[in-house]
Amino acid sequence: MTVLVAYATHSGATRTLAETLTAALRATGLEVDLTDIADSPDPTGYDAVVLGSGVRVEAIEKHAATWAQHHAQALGQHPFAFFSCSGSAADPAKGGKQKATDTFLEKLRVTPVAVKNFPGWVLMDRIPMHERLLLKSMRTPTGDFRDLPAVEAWGGEIAPLLRPAP
């Protein structure tokens, strides 16, 4: 059984989460391929797919959304999980919710076996100037908020869900 972990990242935080998740899934005995969405992976040859995307200005990465819509039929035929990576996910007031994730999944119309919104980082030197200005005007906290042990734990939780039913 082979799992595709595909990710879209802008500043690199989502890639680090995808790498951590891949290692966790492999530790459970799953065979996992890790691929950047920019490489246009074909999900049809996999038994399960995990898609991860960074969140920018309340939307998941455009490449991730386009890829998922293009492959929605294939994603709906096998176990599919989704995670987002956002600096705003570290905000306790959000209670683990992410508007970008909810909007994306409503449009995709594929029901994932698992969804998780992970904190990422907000590092101004990795963000385009126009976004920096917006984030500063919104008084967005800056820093590295990633919780890699939580990503690892989620990998252990979802591994059984990614295996096809007997």
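Read on for a plain summary of the structure. Since this is a predicted model, take the numbers as computed values, not measurements. (Residues numbered from 1 in each chain as written. Predicted model: local features only at pLDDT ≥ 70, side-chain atom pairs only at ≥ 80, totals over all residues. Heavy atoms only, no water.)

## A look at the nonpolar core
- In this structure, V3, L25, V50, W154 and I158 are the most contacted members of the largest nonpolar core, which totals 22 residues.
- Counting only elements with at least two residues in this core, the list comes to strand 1 (2-8), helix 1 (13-27), strand 3 (48-56), strand 5 (80-86), strand 6 (114-119) and helix 6 (148-162).
- With near-sequence residues (within four places) excluded, V3 lies in contact with L25, L30, E31, V32, D33, Y46, A48, V50 and L162.
- In terms of nonpolar packing, the next biggest core, distinct from the first, is built from 21 residues, I37, I60, A72 and L108 among them. (Core = buried A, V, L, I, M, F, W, Y, C linked by side-chain atoms within 4.5 Å. Buried < 20%, exposed > 50% of the residue type's maximum accessible area, 1.4 Å probe, protein only. Helix = DSSP H or I, 4+ residues; strand = E, 2+ residues; numbered from the N terminus. Contact = heavy atoms within 4.5 Å.)

## Quick word on the pattern of salt bridges
- The final tally for this structure, using the stated rule, is 1 salt bridge.
- Of the charged contacts in the structure, one is a salt bridge between R15 and E19, with a shortest N-O distance of 4.0 Å. Of this pair, R15 and E19 both sit in helix 1, 4 residues apart, roughly one helical turn.
- Overall, the relative accessible area of 39% leaves E19 in the partly exposed class. (Salt bridge = Lys/Arg side-chain N within 4 Å of Asp/Glu carboxyl O.)

## Quick notes on the packing of aromatic side chains
- Evaluated as defined, the whole model comprises 4 aromatic pairs.
- Summarising the aromatic geometry, the rings of F82 and F104 are spaced 4.9 Å apart at their centres and angled 40° between planes, so their arrangement reads as tilted. Here F82 is found in strand 5, whereas its partner F104 is found in helix 4 (residues 99-108), with 22 residues between them in sequence.
- For F104, a relative accessible area of 6% puts it in the buried group.
- Ring geometry for F83 and F118: centres 6.0 Å apart, planes at 70°, overall edge-to-face. With F83 in strand 5 and F118 in strand 6, this residue pair connects regions lying 35 residues apart in the sequence. There is no split in this pair, since F83 and F118 are both buried.
- An aromatic cluster of three or more residues is present, and its members are F83, F118 and W154. (Phe/Tyr/Trp six-rings, centres within 6.5 Å; stacked < 30°, edge-to-face > 60°.)

## Describing the packing of helix 1 against helix 6
- Where helix 1 meets helix 6, the closest approach of the two axes is 8 Å, and the angle between their N-to-C directions is 50°. It follows from the interaxial angle that helix 1 and helix 6 lie oblique. The hand of the helix 1/helix 6 crossing is right-handed. Taken together, the residues of helix 6 that come into contact with helix 1 (itself represented by T16, L17, T20, L21, A24 and L25) are L148, V151, E152, W154, G155, I158, A159 and L162.
- Class assignment for the residues of the contact of helix 1 with helix 6 results in 10 nonpolar, 3 polar and 1 charged. (Axes fitted to C-alpha atoms, helices over the stretch in contact; angles between N-to-C directions. Parallel < 35°, antiparallel > 145°, perpendicular 65-115°, else oblique. Left-handed = near helix turned anticlockwise from the far one by under 90°. Nonpolar A, V, L, I, M, F, W, Y, C, P; charged D, E, K, R; others polar.)

## Section: unusual backbone geometry
- We note that S40 has phi near 50°; this positive angle belongs to a residue other than glycine.
- Summarising the element assignment, S40 is placed in the loop between strand 2 (31-36) and strand 3.
- The exposure class assigned to S40 is exposed, which follows from its relative accessible area of 56%.
- Here the phi dihedral of R109 falls at roughly 60°; this positive angle occurs in a residue that is not glycine.
- For R109, the position within the fold is in the loop between helix 4 and strand 6.
- For R109, a relative accessible area of 73% puts it in the exposed group.

Geometry only, nothing functional implied.
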